[in-house]
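Below, each chain spelled out in residue letters.
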Amino acid sequence: MRTLPFVVAPALLTALLLGCGGSTPAAMAPAAPEPPMGAAAPMQPEFDAPEGEGSAASTAAREKAEEAAPGASLAAPADAAPAPPAPLAPPPAAAPALPSARADSASKPEARVATAGAAPAPKKAPAPAQVAAARRAAPPAPPAAVAVPAPEPQGSESYRDYGVNPVEDPAKDRLSTFAIDVDTASYAIARRRILEGSLPPYQAVRAEEFLNYFDYGYASPATGPFAVHLAAAPSPFTVGHHLVRVAVQGKRVAARERTPVHLVYLVDTSGSMQASDRIELAKKSLRMLTESLKPGDTVALCTYAGSVREVLAPTGVESKGKILAAIADLTAGGSTAMASGIDLAYGLAERTLVKGHVNRVVVLSDGDANVGPTSHDEILKTIKRARDKGITLSTVGFGQGNYKDLMMEQLANQGDGNYAYIDSEAQARRVFSEQVGGMLQVIARDVKIQVEFDPSFVKSYRLIGYENRDVADRDFRNDRVDAGEIGAGHSVTAIYDVELKASALKGDGATPVVVRLRHKAPLGADRAEETMFRMAAGAVAPTFDAAPADFRFASAVAGFSEILRRSPHARSWRLSDVEKIARAAASSKGDQQEFIGIVRRAGALAGGRTDAVAAKAAD
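Residues numbered from 1 in each chain as written. Predicted model: local features only at pLDDT ≥ 70, side-chain atom pairs only at ≥ 80, totals over all residues. Heavy atoms only, no water.

Participant: Let's hear about the overall build of the protein chain: which residues, and what values?
Facilitator: A tally of regular secondary structure across the protein chain gives 16 helices and 19 strands. In the protein chain, buried positions account for 56% of the 619 residues. For the protein chain, the share of sequence-separated contacts (at least 6 apart) that also reach a separation of at least 24 residues comes to 84%. Just so you have it, the protein chain exposes about 24,700 Å², and 56% of that area is on carbon and sulfur atoms. (Helix = DSSP H or I, 4+ residues; strand = E, 2+ residues; numbered from the N terminus. Buried < 20%, exposed > 50% of the residue type's maximum accessible area, 1.4 Å probe, protein only. Contact = heavy atoms within 4.5 Å. Areas by Shrake-Rupley, 256 points an atom, 1.4 Å probe, with all protein chains shown as cover.)

Structure below.
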């Protein structure tokens, strides 16, 4: 399988590394105002990538798909009029490419960085005489356009398009290898955009984060850290294809049994965090996280804006009132030119570093940082040094309009942590209360998965998502290659779109798929353990409707992400089919019921109708 070069946005990564007491740069231009919280966001014209950017393979595939069926990948209803093309704009500057610690960059195509909504620089008004002369010479004005895309919101957001995995021939490459961890931010960002009235930029959609957002109720392992659940069924989207699900369920650990944790809260308190959906929501999130701790755990708190500040030295959770009071006193304001607090945060973490315990920095930010002289190589070295000492780093995103998803996602990747996005108090409760065990208890490090497709039974395969988690096949057993971290109770779901040969459909002892997992213990030796799982012939359902409900719901989620990210392989897939599948397979869980409403609203937006957006998400 191909690999992808690691790219670090110079923004927050650079700013985060500046130490306390560094020189303060000149103030930057003030950020453009954001739309008010809860207001309907305009449709995004950045759905089509700027010309000349990104992977040639990914770009060519998307352009070929659009030529074959313009707009079909958005699955607009058949009776909907086609949307007018977005006005052409020069491509934004791409972030510089950097070497990746997760994958061999030689064989992965360059991805694209999209910056949306940057406000144009003001132009000097011409003199009255010049205006008059121009009017006499100008040709008649063209007729007004019947429909034009809505303007971008002020500010800017950055996302990275990692491309779409290609179709592979197992006779030439029978191995699919990638690192697994459990980020979920992409789905939360897309959900917010859809509920507020616009489809997300396709660059913001990462299929694996859609899939891993949901709890499918997989059975826990009887022994060891993992259970693997394999299943397959005819695809509901493409005739003649099958979907294969590879699900990994981590063991669940009761709160009373988990090891002590030592957390450092690093909070962005710059002016861009002043909105109620940022600093106030961050404070609520930290209160929930603190309430989830137990005796023996510690918390430290520091902030960064124009300068860094130690707000609370490492404090035992027995003094919970002191911790909560420090959180309550946080306020945002000041320069948007943020000096970094990451050195200070790591310094605080080292003061409570205990072998055998969980040591983690949690960064809460909208990602809008833009200064710092430290090089990207130095940033990577700092993160790696801390990671090698046993201090991991997770990121939690807030806000929109100037949000830097690219930076927040890749910072967590390099820190061996998780990346979540918080857009509401309910989402904060989900991440920091209901599912907090996965953050507080690590059960495995450097987790890699390798799926082998037998060419005797499989004609072709394609992994949906995980493009930026790709690991070179030769590095599967290279224990020096960094991979993902799995927490207690975490589950990881991967969906493959495959073509099976007749021999596999007949059964007769066929084992079309073999899965191997490789991981290191959360503590101790750096030598990884490897386990193998074979798909039983009976795991291939005769019809899609005969497949387990959790398989069918995951298929709907995968289909939704493929359509939203304009995958060339999904140009004939329809959101109406996704909604139908989800409705038939969803459990009574609130997030699965909400998903049905999200898909319905996306369909309305794709068809030009926004009347459904105002309804409640779970109706």
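Participant: Lay out the confidence of the model for the protein chain in plain terms, naming residues and giving numbers.
Facilitator: The pLDDT averaged across the protein chain works out to 77; a share of 69% of its residues lies at or above 70. Below a pLDDT of 50 lies the segment residues 75-139, which in the model reaches 138 contacts outside its immediate sequence neighbourhood of four places, other chains included. Ignoring residues within four places in sequence, the model shows residues 144-154, a span with pLDDT below 50, making 24 contacts including any to other chains. (pLDDT = per-residue confidence, 0-100.)

Participant: Which residues make up the nonpolar core, and what values go with them?
Facilitator: F553, F560 and F595 are the most contacted members of the largest nonpolar core, which totals 46 residues. Those elements giving two or more residues to this core turn out to be helix 4 (185-195), helix 5 (207-211), strand 6 (226-234), strand 7 (242-250), helix 14 (549-564), helix 15 (575-585) and helix 16 (590-606). When residues of this core are assigned to their parent elements, the largest contribution, nine residues, is made by helix 14. When sequence neighbours within four positions are dropped, the list of residues in contact with F560 reads I194, F210, L575, V578, F595, I598, V599 and A602. Residues F178, L230, V447 and Y461 belong to the second largest nonpolar core, which totals 36 residues. (Core = buried A, V, L, I, M, F, W, Y, C linked by side-chain atoms within 4.5 Å.)

Participant: Please give an account of helix 10 (residues 405-414) that cites residues and values.
Facilitator: Counting buried positions along helix 10 yields 10 of 10 residues, so the element is predominantly enclosed. Here helix 10 has its buried residues at D405, L406, M407, M408, E409, Q410, L411, A412, N413 and Q414. D416, located one to two residues past helix 10, shows a positive phi value of around 60°.

Participant: Tell me about the sheet that holds strand 9 (residues 298-304), and please be specific about residues and values.
Facilitator: One open sheet accounts for six strands, arranged 10-9-8-11-12-13; its pairing is mixed. Of all strands in the sheet, those with a lone pairing partner are strand 10 (308-316) and strand 13 (419-421), marking the two edges. This sheet shows a mean twist of 15° between the axes of neighbouring strands, independent of strand direction. Sheet topology places strand 11 (residues 358-365) next to strand 12 (residues 391-397); seven bridges connect them, and they run parallel. Across the sheet, the residue bridging to S365 is G397, located in strand 12. Most of the contacts of helix 6 (residues 276-291) go to strand 8 (residues 261-268), to which it runs at about 175°, and overall it touches strand 8 and strand 11. (Pairing = 2+ DSSP bridges. Axes fitted to C-alpha atoms, helices over the stretch in contact; angles between N-to-C directions.)

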